[in-house]
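# Architecture at a glance
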Amino acid sequence: MISLKNVSKSFGEQRVLSGLSLDIPDGGRVALMGRSGAGKTTVLNLIMGIFPPDSGEVSLPKGIKIGAVFQEDRLVEPLNAVANCEMVMKERDRKKILNLLNELGIGEELAKKPTGELSGGEKRRVAIARAILREPELLIMDEPFKGIDEQTLPRVIGQVGLAAAGRTLVLVTHSAEEAEAIGCEIIKI
Amino acid sequence: MKASTTFRNKKIIYKILAIVFWLLVWEGVARAAGSELIICSPLVALKRLCELVTTPEFGRAVLFSSVRILGGFFSALFLGIAFAALSSRFAVIKTLLEPITSVIKATPVASFIILAIIWFGSRNLSLFISFLMVFPVIYLNVLEGIERTDRGLVEMARVFGVGRLKTLAYIYFPQVLPFLMSGCSVALGLCWKSGVAAEVIGIPTGSVGEKLYKAKLYFETGDLLAWTAVIILVSVIFERLFMLLLKLIRKKIEGVGR
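Model, not experiment: these values are computed from the prediction.

## Focus: the overall build of chain B
- Counting its secondary structure elements, chain B contains ten helices and zero strands.
- Taken along the three principal axes of its C-alpha coordinates, chain B extends 75 × 60 × 30 Å.
- Residue burial in chain B is summarised as follows: out of 258 residues, 40% are buried.
- Once local pairs closer than 6 in sequence are excluded, the contacts in chain B between residues at least 24 apart make up 74%.
- Put simply, chain B shows about 14,800 Å² of open surface, and 71% of that area lies on carbon and sulfur atoms.
- Side chains of chain B give 29 positive and 15 negative charges; the mean places of these two sets differ by 9 Å.

Right, here's the structure in full:
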């Protein structure tokens, strides 16, 4: 169970979260929605332990395996897609990486290029593959479908839906359609 | 023929023409001077170089100086990287090293050479001087590389639970390598120049610097230019080989997972 109790967070003068409480059960799928600046990314960062809350409590199972798609792609750009995925995996499995990348529309040729040379949508798909290949217990995704073209989007959403099976998923999105397609419960903040 | 190949061939031809031009200028100056004591012609220098290469002294002198100068370079490379890593982690080490690197950079190399002769004698002088000149260059370049490494990536690795070794290999190494390469490129030229300058002042027996000094002492301009050519050649060959090795490492890293 992931639990936020009466959490507040400010950045300088700006109060982003004020007394937020939220429980996400194990295996639950939630989509956080709200206007820009509502604190959706802040919630994800608090769960990931990137920074602590000013007050309140964030608790999640100790040593939980996390796979994340950050707001930015955070890929090691001199390295290719395969290496970026390998980095987070317990055991190297090139075939598995190439298969998933292929499912996400990244063919072998693209997978061999340094990720710095890929387009925005391609980078995003590599970041999604990396999060899934971590085989996490908790999948955190901050606007994962941003910049992905309409033709590829359904298969990417399909893969995320498959990957979320049996895992806890916390998704930030502006699209209720995307959230519903993955079977997320929508929480407005 | 591809356009890029034609362009490369043209570039090579222009480079050769530029070298020929300056050799002709050298020949012209030598003729104008009219004295081999002041400046000999390129042909005389080349002839002297060919004679030198066949002497047993030549190999010994080149080996003597190369071992020390490159010893200084590799020690500085190793310690520069190690201290840059430590400085990026511990502010106190960075603060402690700041004045040292600034002083080394600002002090004339001759002052260090004279001090080092007083402290250690002249035999391993070039090792110490080449270390001293290379260390700040490598240290500062690598430190900049580490400090410029994207914090977001380090944060990503922490969230994903990536181990220290993997973080080093996959995140720090690819981002620091270009800084290390640029530092090495500068440092390699510097270590030979400063190392040989130290030998000319300290005159350790059997060194290339000693040969240069003696050539100057006896006005053997042919020897002087021949030994200078030797230093340039050895330095360029080593620089090319070392940079090629670094480029191969970079290619290997960029191709991880292929």
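After presenting the structure, the write-up continues.
## Details of the packing of aromatic side chains
Residue and element names in this part refer to chain B.
- One pass over the full model with this rule turns up 14 aromatic pairs over all chains.
- Ring geometry for F73 versus F238: centroids 6.2 Å apart, planes at 85°, classification edge-to-face. Here F238 lies in helix α10 (residues 221-254) and F73 lies in helix α3 (residues 56-89), a separation of 165 residues in the sequence.
- Plain terms: the ring middles of F73 and F242 are 5.4 Å apart, the flat faces sit at 90° to each other, and that makes the pair edge-to-face. Here the residue F73 occupies a position in helix α3, and F242 occupies one in helix α10, the gap between them amounting to 169 residues. The exposure classification of F73 matches that of F242, with both residues buried.
- Among the aromatic side chains, those forming a connected cluster through ring pairs are F73, F74, F238 and F242.
- Taking the ring centre of F64 as reference, the NZ or CZ of R68 above it sits at 3.7 Å.

## Points about the sheet that holds strand β2 (residues 14-24) of chain A
All names here are of chain A.
- Within the open sheet, the three strands sit side by side as β2-β1-β4. Their pairing is antiparallel. Here the strands that pair on one side only, and so sit at the sheet edges, are β2 and β4 (55-59). When strand polarity is set aside, the average angle formed by the axes of neighbouring strands in this sheet is 25°.
- Of the pairings in the sheet, the one linking strand β1 (residues 2-11) to β4 comprises four bridges and is antiparallel in character. Each residue of the ladder has a partner; that of L4, found in β4, is V58.

## A closer look at unusual backbone geometry
- Of note, the phi angle at E143(A) is positive, near 45°, even though the residue is not glycine.
- With respect to the helices and strands, E143(A) occurs in the loop between β6 (138-142) and α6 (153-164).
- Of note, F219(B) is a non-glycine position whose phi angle comes to about 50°, a positive value.
- Tracing the backbone through its elements, the reader meets F219(B) in the loop between α9 (208-217) and α10.

## Here we look at a nonpolar patch on the surface
- Side chains of I114(B), L115(B), I118(B), W119(B), F120(B) and I201(B) sit close together on the surface and give an oily, nonpolar patch of about 650 Å² of accessible area.
- Relative to the helices and strands, I201(B) is located in helix α8 (residues 164-202).

## Describing the pairing of β1(A)
- Looking at chain direction, β1(A) and β2(A) are connected through seven bridges and run antiparallel. Residue K9(A) lies in a different strand from β2(A), and its bridge partner there is L17(A).

## Overview of the nonpolar core
- Formed by 119 residues in total, the largest nonpolar core has its most connected members in L101(A), I128(A), F145(A), F73(B), C184(B) and W227(B).
- The element best represented in this core is α8(B), accounting for 13 residues.
- With near-sequence residues (within four places) excluded, F145(A) lies in contact with I128(A), L153(A), V156(A), I157(A), V160(A), L171(A), E178(A) and I182(A).
- If you look at the next biggest cluster of nonpolar residues, it comprises nine residues, including A116(B), L132(B), M133(B) and A198(B).

The rules we used
- Residues numbered from 1 in each chain as written.
- Chains lettered and ligands numbered in written order.
- Predicted model: local features only at pLDDT ≥ 70, side-chain atom pairs only at ≥ 80, totals over all residues.
- Heavy atoms only, no water.
- Helix = DSSP H or I, 4+ residues; strand = E, 2+ residues; numbered from the N terminus.
- Buried < 20%, exposed > 50% of the residue type's maximum accessible area, 1.4 Å probe, protein only.
- Contact = heavy atoms within 4.5 Å.
- Areas by Shrake-Rupley, 256 points an atom, 1.4 Å probe, with all protein chains shown as cover.
- Lys, Arg positive; Asp, Glu negative; His and termini not counted.
- Charge placed at Lys NZ, Arg CZ, Asp CG, Glu CD.
- Phe/Tyr/Trp six-rings, centres within 6.5 Å; stacked < 30°, edge-to-face > 60°.
- Lys NZ or Arg CZ within 6 Å of the ring centre and 35° of its normal.
- Pairing = 2+ DSSP bridges.
- Axes fitted to C-alpha atoms, helices over the stretch in contact; angles between N-to-C directions.
- Patch = residues over 30% accessible without salt bridge, like charges linked within 9 Å, V, L, I, M, F, W, Y side chains within 5 Å.
- Salt bridge = Lys/Arg side-chain N within 4 Å of Asp/Glu carboxyl O.
- Core = buried A, V, L, I, M, F, W, Y, C linked by side-chain atoms within 4.5 Å.

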